[in-house]
Amino acid sequence: MGIVTVTSMLYFEWGRLGEIGDLYVLPEARGNGIARRLVQAAIDWCRARGCSAVEVVTAPLGEAAHGLSNFYSRLGFAATGRTISLLRLD
C-alpha cells in the first residue's frame, strides 16, 4: 500500500539527523492515514537510533501535485530556511 525510506547521518550541527527520503502511497489507498502512519514509523525509527531531529525535503513537483508542505506541517515539521543545492553526477 505504501513505502517510506529513511536514513540517518552524522552532522556537526545536528549530531545524528534522520531524513525521510521517499514517501509513497498507492493512489487507491490514499486518504486512509497510511502516509501519516508511515511518517510516524520513520520518526520512531529515527528516535530509536538517537537522532536529534528528522528532516524531509519536498520538491516542487510534489508540492504542486500533493501540497506536501501542508501535509508535513500538520505532522509538526517546520521549514528551516535552508537551501538544498545539487550537483548531478550523470
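Residues numbered from 1 in each chain as written. Predicted model: local features only at pLDDT ≥ 70, side-chain atom pairs only at ≥ 80, totals over all residues. Heavy atoms only, no water.

Caption draft 1: Broad picture of the overall build of the protein chain. When helices and strands are counted, the protein chain shows three helices and three strands. C-alpha atoms of the protein chain, sized along the principal axes, occupy 40 × 35 × 25 Å. Looking at the protein chain as a whole, 20% of its 90 residues qualify as buried. Look at the contacts in the protein chain between residues 6 or more apart in sequence, and 53% of them connect residues 24 or more apart. Accessible surface, the protein chain: about 6,700 Å² in total, of which carbon and sulfur atoms supply 57%. (Helix = DSSP H or I, 4+ residues; strand = E, 2+ residues; numbered from the N terminus. Buried < 20%, exposed > 50% of the residue type's maximum accessible area, 1.4 Å probe, protein only. Contact = heavy atoms within 4.5 Å. Areas by Shrake-Rupley, 256 points an atom, 1.4 Å probe, with all protein chains shown as cover.)

Caption draft 2: Highlighting the packing of aromatic side chains. Evaluated as defined, the whole model comprises two aromatic pairs. Ring geometry for phenylalanine 71 versus tyrosine 72: centroids 5.1 Å apart, planes at 70 degrees, classification edge-to-face. The burial state of phenylalanine 71 is the same as that of tyrosine 72; both residues are buried. Through pairs of rings, three or more aromatic residues link up here, namely Phe71, Tyr72 and Phe77. (Phe/Tyr/Trp six-rings, centres within 6.5 Å; stacked < 30°, edge-to-face > 60°.)

Caption draft 3: Looking closely at the environment of methionine 9. Relative to the helices and strands, methionine 9 resides in strand 1 (residues 2-11). Assessed through its relative accessible area of 48%, methionine 9 is described here as partly exposed.

Caption draft 4: Fine view of the environment of tyrosine 72. Take tyrosine 72: it is sitting in helix 3 (residues 68-74). Sequence spacing of tyrosine 72 and isoleucine 34 is 38 residues, and the spatial spacing of their C-alpha atoms is 14 Å. When residues no more than four places from it in sequence are discounted, the contact partners of tyrosine 72 are Ile20, Leu23, Val39, Val56, Thr58 and Phe77.

Caption draft 5: Examining the sheet that holds strand 1 more closely. Spatial ordering of the open sheet is given by 1-2-3, a layout of three strands whose pairing is mixed. A strand with exactly one partner marks an edge of an open sheet, and here the two such strands are strand 1 and strand 3 (53-56). Neighbour-to-neighbour, the strand axes of this sheet turn through a mean angle of 30 degrees, independent of strand direction. In the sheet, strand 2 (residues 15-25) pairs with strand 3 via four bridges, with the strands oriented parallel. Following the sheet pairing, glutamate 19 is matched in strand 3 by glutamate 55. Sheet contacts for helix 1 (residues 34-48): strand 1, strand 2 and strand 3; angle to strand 2, the most-contacted strand, approximately 160 degrees. (Pairing = 2+ DSSP bridges. Axes fitted to C-alpha atoms, helices over the stretch in contact; angles between N-to-C directions.)

All quantities given are derived from atomic positions and should not be read as evidence of function.
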